[in-house]
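Listed here are the chains, written in short residue letters.
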Amino acid sequence: MSAGGNEALRAAAFVLAFLMTGPAGRTVLVQGTEAAGGTPEKTVLGSGIPLISHRDVSSPVTVVALVVPGGLAAVPRGLDGLAAMTARLALEIPDEGKVCDLMAQATRMSFACLEDFSVVMVECLSENLEEALRVAGKIVADPLLSGLRISRAKELMKLHARAEADDAVSAAHAAGLAGYFEGAGYGSAPFGTDESLKAIDRKDVVSFYRRHFTRSSVFITAVSDLEPGLVKALLERHFSGLPAGERPVLPADPPIVPENRDIRLTRETKQTFIGRAFALPPPSPVDHTRGVLLEVLIGQGPGSRLWGLRADERLAYTVDSRLTWTRGAGILEVFLETENAKSARAAAALDRELERLRADGLTAAELEATKAMARGRFLRSIEAKADRARLLAGFEVLGLGFGHLSELGPAIDAVTLEDLNAYVRAVLSPERAVKVTVGPEGPPERR
């Protein structure tokens, strides 16, 4: 695509920004976040477990997420993978007959282990909610943490770890976090390493479960077309069996720029991954919003700052950006994938574009286009009920509060050109950038 074509994309984005920043645009954003049923509300179950519920009548589906604060941040050094393994074992159905019943009812149970929390998800047709919660509540409150099940979980974890290592984007992400957090906590391997999986035994899993899966630690998010009072009553009935316990004090370690700011992972691939990572301030409502805008501005699709490296200069197959939030900071990754022979030129071009943005800033039109893209991306991210339940959980754990779901739109509107340009100059310092390269060894001219 020519430079003129890229400018046309920016112009189109600006028109979209104009439409979405007017009264009609704000109405669309509010309706999207309220999801045709009102804003999220917070109550407390009789057992003391907080419940954040969001009514959404768009479909007869209910999603319930049991949120367990901790995640990677709570993993002891040397026991990488412990949080993910425990979350997985906490939803394993011991009765094969129940598996068939839940499948016949279109009920899905899943888990995720993120930086500051783990989550166990139940997704079902609302008419089957009571049966789904009855089964899930019994499993989570009294999981079968046997040696045999732990051994099987370790084998599955190894497969996940291998898949992550084989994907350049995932491998680079893990390497960057490991660099910033010295390979522990947020920087630990989510699915473990060969050494850590050998070291983990049943007592570690049981101890982790007993410490974090307690009524004083967990909370629940629910998105459903059902009346909130009914959802609460069913949760009272089936999710009050979790044990009591003290609320653990969880670390929120800040990132430390590593001594080695040039991380290289050797892979015999036909493409080279080239990335730059930057530590952002902790997620206050203002800084979270600025970070969201910066992620979109730099690498999210046509019209972004990196798009020309792909469309005009033909230096990349893909360009992208990725923002990971922890309670202590954000980590922004900016990256591209290119032919091995072009890797040196592509790396120089990536650094050039980042420095140009830092030195010159962005224009008012570019800011409006970025705001429009950020709003659209946010609306897409909360369209699915499961994603919304997980996002509500994330905002609550990060300290932003579940209300940030409704407040992010106005916060985007409030960011000024001076605000974002000052933020860009502060966070995109080349002296603090961590370089991550995944690809063949040696300079491109020798390949």
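Scroll up a little and you will see the structure.
So, a few notes on the structure that sits alongside this text. The shown structure was predicted, so the numbers you read here are calculated from the model rather than taken from an experiment.

1. Description of the pattern of salt bridges
Line of reasoning, step 1. Enumeration over the complete set of coordinates arrives at 24 salt bridges.
Line of reasoning, step 2. Between Arg390 and Asp387 there is a salt bridge; the shortest N-O distance is 3.0 Å. Here Arg390 and its partner Asp387 are both found in helix α15 (residues 385-398), three residues apart, which amounts to about one turn of the helix.
Line of reasoning, step 3. Of the residues examined, Asp387 reaches a relative accessible area of 33% and is grouped as partly exposed.
Line of reasoning, step 4. Connected through salt bridges with shared partners, the residues Arg88, Glu92, Arg149 and Arg152 form a single ionic network.

2. Brief notes about the side chain of Thr221
Line of reasoning, step 1. Tracing the chain through its elements places Thr221 in strand β6 (residues 219-224).
Line of reasoning, step 2. Given the relative accessible area of 0%, Thr221 is considered buried.
Line of reasoning, step 3. A polar atom in the side chain of Thr221 sits 3.1 Å from the backbone oxygen of Ala389.
Line of reasoning, step 4. Setting aside residues up to four positions removed in sequence, Thr221 forms contacts with Ile52, Val63, Val64, Ala65, Val67, Ala389, Leu392 and Ala393.

3. Topic: the sheet that holds strand β8 (residues 271-280)
Line of reasoning, step 1. Here five strands make up an open sheet; going across it, the order is β7-β11-β8-β10-β9 and the pairing mixed. The open sheet has two edge strands, β7 (262-266) and β9 (318-325), and neither has a second partner. Pairwise comparison of adjacent strand axes, ignoring direction, gives a mean angle of 15 degrees for this sheet.
Line of reasoning, step 2. Examined bridge by bridge, β8 and strand β10 (residues 330-339) share ten bridges and lie antiparallel to one another. Bridge pairing links Thr272 to Thr338 in β10.
Line of reasoning, step 3. Lying on the sheet, helix α11 (residues 285-299) is in contact with β8, β9 and β10; it crosses β9 at an angle near 170 degrees.
Line of reasoning, step 4. Each of β8 and β10 touches helix α13 (residues 343-360); the most contacted strand, β8, lies at about 25 degrees to it.

About the criteria used
Residues numbered from 1 in each chain as written. Predicted model: local features only at pLDDT ≥ 70, side-chain atom pairs only at ≥ 80, totals over all residues. Heavy atoms only, no water. Salt bridge = Lys/Arg side-chain N within 4 Å of Asp/Glu carboxyl O. Helix = DSSP H or I, 4+ residues; strand = E, 2+ residues; numbered from the N terminus. Buried < 20%, exposed > 50% of the residue type's maximum accessible area, 1.4 Å probe, protein only. Polar contact = N/O pair within 3.5 Å; in protein donor to acceptor, adjacent residues only side chain to side chain. Contact = heavy atoms within 4.5 Å. Pairing = 2+ DSSP bridges. Axes fitted to C-alpha atoms, helices over the stretch in contact; angles between N-to-C directions.

These figures come from the coordinates and say nothing about function on their own.
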